[in-house]
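Chain by chain, the residues run as shown.
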Amino acid sequence: MAKQRRLGIGIDIGGTGIKGGLVDLDKGRLVGERCKVKTPSGAPIEPVLEAVTTVLDEIRAQKKAPAEPVPIGLCMPSIVVHGESRTAANIDAEWIGAPARTLFSTTIGQPVSLVNDADAAGIGEVRYGAAKGDTGSVMVITLGTGIGSALIHGGHLFPNTELGHLELDGHPDYERYASARAMEREGLDYPEWCKRLTPYFRKLERLFAPDEFIISGGVSKRADEFLPLIDIDTPILAAKLKNNAGIVGAAALGADGWD
Ligand code: BGC
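Cut-offs and rules
Residues numbered from 1 in each chain as written. Predicted model: local features only at pLDDT ≥ 70, side-chain atom pairs only at ≥ 80, totals over all residues. Heavy atoms only, no water. Near = heavy atom within 4 Å. Polar contact = N/O pair within 3.5 Å; in protein donor to acceptor, adjacent residues only side chain to side chain. 1 Å grid on protein atoms, 1.4 Å probe; cavity = no way out; pocket = protein on both sides within 12 Å on 5 of 7 lines; lining within 4 Å. Sits in = over half its atoms within 2 Å of the grid points. Nonpolar A, V, L, I, M, F, W, Y, C, P; charged D, E, K, R; others polar. Domains from an automatic or database assignment. Core = buried A, V, L, I, M, F, W, Y, C linked by side-chain atoms within 4.5 Å. Buried < 20%, exposed > 50% of the residue type's maximum accessible area, 1.4 Å probe, protein only. Helix = DSSP H or I, 4+ residues; strand = E, 2+ residues; numbered from the N terminus. Contact = heavy atoms within 4.5 Å. Axes fitted to C-alpha atoms, helices over the stretch in contact; angles between N-to-C directions. Parallel < 35°, antiparallel > 145°, perpendicular 65-115°, else oblique. Left-handed = near helix turned anticlockwise from the far one by under 90°. Buried area = accessible area lost by both parts, 1.4 Å probe. Salt bridge = Lys/Arg side-chain N within 4 Å of Asp/Glu carboxyl O.

Draft legend 1. Looking closely at the site of the ligand. Residues in close proximity to the ligand include P77, S78, A89, N116, D117, A118, T142, I147, G148, E162, H165 and E175, which together make up its full environment. Here an oxygen atom of the ligand sits 2.5 Å away from a polar atom, N or O, in the side chain of D117. A distance of 2.7 Å is found between an oxygen atom of the ligand and a side-chain nitrogen or oxygen belonging to H165. The site holding the ligand turns out to be the largest pocket. In terms of residue class, the shell around the ligand is built from 4 nonpolar, 5 polar and 3 charged. Two domains share the shell around the ligand, each providing at least three of its residues, namely domain 1 (7-119) and domain 2 (125-244).

Draft legend 2. Looking closely at the nonpolar core. Membership of the largest hydrophobic core comes to 32 residues, with the highest contact counts inside it found for I11, I13, I18, V52, L74, M76 and F104. At the level of elements, β1 (7-13), β2 (17-24), β3 (29-38), α1 (45-60), β4 (72-76) and α2 (100-108) are the ones that each hand at least two residues to this core. For this core, the element with the highest residue contribution is α1, accounting for 8 residues. Within the second largest apolar cluster, 29 residues are counted, among which are L188, L197, L204 and F213.

Draft legend 3. Main features of the environment of L7. Its location among the elements puts L7 in strand β1. By relative accessible area, which is 14% here, L7 ends up buried. Expressed as a C-alpha distance, the spacing of L7 and V23, which sit 16 residues apart in the sequence, is 5.6 Å. Other than its neighbours up to four places away in sequence, L7 contacts L22, V23, D24, L25, V31, P66, V70 and P71.

Draft legend 4. Region of interest: the packing of α1 against α2. Put simply, α1 and α2 touch, their axes get as near as 10 Å, and they point 50° apart. Here α2 runs oblique to α1, going by the angle between their axes. For α1 against α2, the interelement crossing comes out right-handed. Facing α1, whose interface residues are I45, V48, L49, V52, T53, L56 and R60, α2 presents L103, F104, T107 and I108. Classifying every residue of the contact of α1 with α2 by side-chain character gives 8 nonpolar, 2 polar and 1 charged.

Draft legend 5. Broad picture of the domain arrangement of the protein. Segmentation of the protein into domains returns domain 1 (7-119) and domain 2 (125-244). When each unit is reduced to the centre of its C-alpha atoms, the spacing between domain 1 and domain 2 is 24 Å. Summed over both sides, the interface of domain 1 with domain 2 buries roughly 1,100 Å², with 47% coming from carbon and sulfur. Counting across the domain 1 and domain 2 interface gives 0 salt bridges. Our count for the domain 1 to domain 2 interface comes out at 6 residue pairs in polar contact (both at pLDDT 80 or more). Elements with a contribution of two residues or more to the side of domain 1 that touches domain 2: β3, β5 (80-81) and α3 (117-128).

What follows is the structure, given as structure tokens:
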């Protein structure tokens, strides 16, 4: 009999889109289609819960979806401590202090795991992507609307590092100065942007001395154009799972029963 593949569902809640899919947990790949809806305006709790249900229904309606329940993991742009969302980046402030995991579990009708979005992307890259098999210390930085971070050593995640908010060179919240959104907003070209990113990565190098940095987020598609311009000593690589890293990592942590 053919070995049954292990499946999970991952859902990535972002400021602009809520996307999810069925994930082959052995390969770290999406099975079937990626399902996506627009994030409801301002991302308050109730409409987000409804949107997540829509995405989940779509995933489950696919031909490839199994009849039996599979583990579910979600991620969102928030500090998440044992299921409680403690901050709200690009989502409504009513998430701060909310029992987010319980809200999702109750709405979905099944226990779920919930983690920070960059942590999910980090686990995705370490288990299946650019840092697969690397047992040392890996720092995954997501460059998008904000700057997210994941710190993983020996495959184990130290969650909620939130290193996008470092104060550096007189900038009280560095992500506002150096995220991909800041680059677009200010019309910076890659050399100008990387002049801002170099001191940031140098600081991270000094603080954590990781074995490697992995750059995730939409911009990782064009990594060969800007990564060489970031002048640091630590190897810096582009993410491999691209926009699916959060979905895949959330599904993997869901299958682990991450608390
Ligand atoms: C948030 C993080 C999030 C990152 C990427 C930051 O603004 O504070 O929680 O991981 O954006 O979405």
